[in-house]
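Observations on chain architecture
Given next are the chains, with one letter for each unit.
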Amino acid sequence: MTPFPYSVGVDASLRQAHEMMVAHQVRHLPVLRGHALVGVVSDRDIKRALDPDLGLPPMDELFVRDVYVPEPISVDDAAPLDEVLEQMASEHIGSVLVTKHGRLVGIFTSTDACRVYCAHLRTLFPQGSGEEVA
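Reference entry: report on the structure contained in this document. It should be emphasised that the depicted structure is a prediction, and the values quoted were computed from it without experimental measurement.

Quick look at the packing of aromatic side chains
To describe a pair of aromatic rings, one takes the distance between the centres and the angle between the planes. One pass over the full model with this rule turns up 0 aromatic pairs. Above the face of the Phe 63 ring, Arg 65 is positioned so that its terminal group lies 4.3 Å from the ring centre.

The structure is reproduced here in structure tokens:
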């Protein structure tokens, strides 16, 4: 999990959200209205909004509220990892927001899952153990 992730306000411009993602090298931003978690916006949501075939206004005229996903999938910080991974896989999502007492405390992404799985495999199969992929 990435604790205390970058987030963006629901009324921020799409350009601001995109620039924040690029600057911090992230693909998901929790969306807040004040201190309340209201959604998530991904780089894919932004790219889709900028698709010329959709006929939407240019990026400078769009706001996070126009493209974010409301009611994001969130999990309690005490949720077992296997349940989180199962939910991500079954719902075909790349991230879940992590909350504690209803407040955003982190984000868990498919990249985080790969890191966890890699560390687990390395404990099971230390390098040079003969279990390497050929």
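There is more to say, and it comes next.
Describing the state of the cysteines
As enumerated under the stated definition, the model contains 0 disulfides in all. There is no disulfide at Cys 114, and the cysteine sulfur nearest it, in Cys 118, is 8.8 Å away. Taking relative accessible area as the criterion, Cys 118 reaches 30% and is therefore assigned partly exposed.

Details of helix α1 (residues 14-24)
Regarding α1, the residues found buried are Leu 14, Ala 17 and Met 21. Considered in projection along α1, the buried side chains sweep an arc of 65 degrees and stay on one side of the axis. Turned more than 90 degrees away from the buried face of α1, the exposed residues are Val 22 and Ala 23. Check the buried side of α1 and you find it contacts β2 (8-9), β3 (28-33), β4 (36-42), α2 (43-49) and α3 (64-67). Gln 25, located one to two residues past α1, shows a positive phi value of around 55 degrees.

A look at unusual backbone geometry
Even without glycine at this site, Gln 25 takes up a positive phi of about 55 degrees. Tracing the backbone shows Gln 25 in the loop between α1 and β3. Non-glycine residue His 101 carries a positive phi angle of around 55 degrees. Topologically, His 101 is positioned in the loop between β7 (95-100) and β8 (103-109).

Parameters at a glance
- Residues numbered from 1 in each chain as written.
- Predicted model: local features only at pLDDT ≥ 70, side-chain atom pairs only at ≥ 80, totals over all residues.
- Heavy atoms only, no water.
- Phe/Tyr/Trp six-rings, centres within 6.5 Å; stacked < 30°, edge-to-face > 60°.
- Lys NZ or Arg CZ within 6 Å of the ring centre and 35° of its normal.
- Disulfide = S-S within 2.5 Å.
- Buried < 20%, exposed > 50% of the residue type's maximum accessible area, 1.4 Å probe, protein only.
- Helix = DSSP H or I, 4+ residues; strand = E, 2+ residues; numbered from the N terminus.
- Arc of directions from axis to C-beta.
- Contact = heavy atoms within 4.5 Å.

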